[in-house]
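Residue strings, one per chain:
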Amino acid sequence: MRVALIHYWLLNMRGGEKVLEALCRMLPEADLFTLFYDPERVSEIIRSRRVTASFLNPLRRHYRSLLPLMPMALENFDLRGYDLILSNESGPAKGVLAPSTARHVCYCHTPMRYLWDLYPAYRNEFTASAWKRALMAPVANYLRLWDYSTAARVDEFIASSGNAAQRIWKTYRREARVIYPPVAVETFYWKEPGNYYLIVSELVAYKRIDTAVRAFSKNGRKLRIVGDGPEYGTLRTMARGNIEFCGRVSDEELRELYAHARALILPGEEDFGMTPVEALASGKPVVALGRGGALETVPVSDREGGVLYAIPDEASLTAAIEKLERMESHISTRSLQDWAARFCEKNFVEQMKTVLTGAFGPSVASELRGR
């Protein structure tokens, strides 16, 4: 059985790429297809595969501006001869043209939020230039029509969370099975907490990191921010001296930062959110906006592992931090780590095997046995 893995772009290592790594381990003979590919910014397991990048790849430094051309680039991939197409969707990925004899399974983290539920915010709040806002409307309309139509090319949707499944139904009117993404929970560990809170995130507007920066600039608590992105300059300008920007760090450095953190701060709505699970696997509680994936990953009733707040503003975040500090002595490190264990890669692989063997029967079952 020939398998093609379709991933939107391979330009960094975030949650979607962690899922792709697990799929690569599960399907070691699969070929990779992606819009943009920078081998220096991905893991060894991804680099070890045969990767086909689209004709847009030479322009990958400007990939955010190339969204209108991505449908054409995806449809240009030649997938003849493949039996299984497995797309990993957050940006556009499912829009490939699969052979009529192939089965297309889409693991969907979320329909493209900047075209659907977050479109008004991108148009009116996150896009500063008036001419960009004017251009955005017709382009977004075209892309929504294309994105909706490509849902019909998918034989089965798998959602990364119940939250994502609801969005898939709302956007495409398609049912989706929920399989939580894999987190390497066994690699995280607890150490005596220091005096800082932690954010691990790409620095983009919809993550609402600015809310946390303003809150910590006012309350004076120490905050470390791991990640990079287009909002970096703006956030640095508004931050005070108690806030440290760590940039991109290695996996080992990140585990140490989690291990010594007082708690993780999650100020934006996530589709699923691997960072809360990583924090919990480190035995650390989470303070999160009570929307989206945090409702599924943060155990607010299991030994008080987290605090959710309703309004995405500085006052609500600060009040949630103060609530956490009042209950810190009741938090059980072991309970948090046990909760996180349900999101391990073994569970992900077993559930994905069930989907694939159900679709292809004994031929794929024997191929996947033991992996």
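Residues numbered from 1 in each chain as written. Predicted model: local features only at pLDDT ≥ 70, side-chain atom pairs only at ≥ 80, totals over all residues. Heavy atoms only, no water.

**Q** Would you explain the packing of aromatic side chains in this entry?
**A** Any pair of aromatic rings gets described here by the distance separating the centres and the angle formed by the planes. This structure, assessed with the given rule, holds 14 aromatic pairs. Taken together through their ring pairs, the aromatic side chains of Y8, W9, F36 and Y63 make up a single cluster. Looking at R255, its charged tip hangs above the ring of F188, at a distance of 5.7 Å from the centre. Above the ring of W339, the side-chain terminus of R342 is found at 3.7 Å from the ring centroid. (Phe/Tyr/Trp six-rings, centres within 6.5 Å; stacked < 30°, edge-to-face > 60°. Lys NZ or Arg CZ within 6 Å of the ring centre and 35° of its normal.)

**Q** Quick question: what am I supposed to make of the pattern of salt bridges here?
**A** Pairing between side chains becomes possible if they bear opposite charge and their charged atoms approach one another. This structure, assessed with the given rule, holds 28 salt bridges. R177 is the partner of E156 in a salt bridge, and the nearest nitrogen-oxygen pair spans 3.3 Å. Of this pair, E156 sits in strand 6 (residues 156-159) while R177 sits in strand 7 (residues 176-178), placing them 21 residues apart in sequence. Overall, E156 belongs to the buried group, its relative accessible area being 16%. Given a relative accessible area of 39%, R177 falls into the partly exposed group. In this structure, the salt-bridge partner of K207 is E270, at a minimum N-O distance of 3.0 Å. Linking K207 in the loop between strand 8 (196-200) and helix 7 (209-219) with E270 in the loop between strand 11 (264-266) and helix 10 (274-281), this pair joins segments that are 63 residues apart in sequence. Exposure remark for K207: the relative accessible area of 9% places this residue in the buried category. (Salt bridge = Lys/Arg side-chain N within 4 Å of Asp/Glu carboxyl O. Helix = DSSP H or I, 4+ residues; strand = E, 2+ residues; numbered from the N terminus. Buried < 20%, exposed > 50% of the residue type's maximum accessible area, 1.4 Å probe, protein only.)

**Q** Explanation requested: the packing of helix 7 against helix 12 (residues 314-327) in the structure shown.
**A** Helix-helix packing is characterised by the crossing angle of the two axes and by the distance between the axes. Put simply, helix 7 and helix 12 touch, their axes get as near as 9 Å, and they point 65° apart. You can see that helix 7 and helix 12 cross each other, and the crossing is right-handed. Contact residues: T211, A212, R214, A215, F216, K218 and N219 in helix 7; E314, L317, T318 and I321 in helix 12. A per-class count over the contact of helix 7 with helix 12 returns five nonpolar, three polar and three charged. (Axes fitted to C-alpha atoms, helices over the stretch in contact; angles between N-to-C directions. Left-handed = near helix turned anticlockwise from the far one by under 90°. Contact = heavy atoms within 4.5 Å. Nonpolar A, V, L, I, M, F, W, Y, C, P; charged D, E, K, R; others polar.)

**Q** What exactly am I supposed to notice about the side chain of D147 here?
**A** Locating D147 in the fold gives a position in helix 5 (residues 130-150). Here the side chain of D147 touches K94 through a polar contact of 2.4 Å, side chain to side chain. (Polar contact = N/O pair within 3.5 Å; in protein donor to acceptor, adjacent residues only side chain to side chain.)

**Q** Can you walk me through the pairing of strand 2 (residues 31-34) in this structure?
**A** Residues in a regular strand point their side chains to alternate faces of the sheet. Burial along strand 2 is two-sided: the face carrying D31 and F33 and the face carrying L32 and T34 are both buried. Here strand 1 (residues 3-7) pairs with strand 2 via four bridges, running parallel. Following the sheet pairing, L5 is matched in strand 2 by L32. With helix 1 (residues 15-26) bridging strand 1 and the parallel strand 2, this β-α-β connection has right-handed handedness. As judged from the three bridges shared by strand 2 and strand 3 (residues 51-53), these two strands associate in the parallel manner. The residue of strand 3 that forms the bridge with F33 is T52. (Pairing = 2+ DSSP bridges. Right-handed = clockwise from strand over helix to strand, strands pointing away.)

**Q** Honestly, the sheet that holds strand 2 in this entry has me stumped. Any pointers?
**A** Strand order in this open sheet of seven strands is 3-2-1-4-5-6-7, and the pairing throughout is parallel. The open sheet has two edge strands, strand 3 and strand 7, and neither has a second partner. On average, adjacent strands in this sheet sit at an angle of 25° to one another, irrespective of strand direction. In terms of strand pairing, strand 4 (residues 84-89) meets strand 5 (residues 103-108) through six bridges, oriented parallel. Bridge pairing in strand 5 places L84 opposite R103. Those strands touched by helix 1 are strand 1, strand 2, strand 4 and strand 5, and its axis lies near 170° from that of strand 1.

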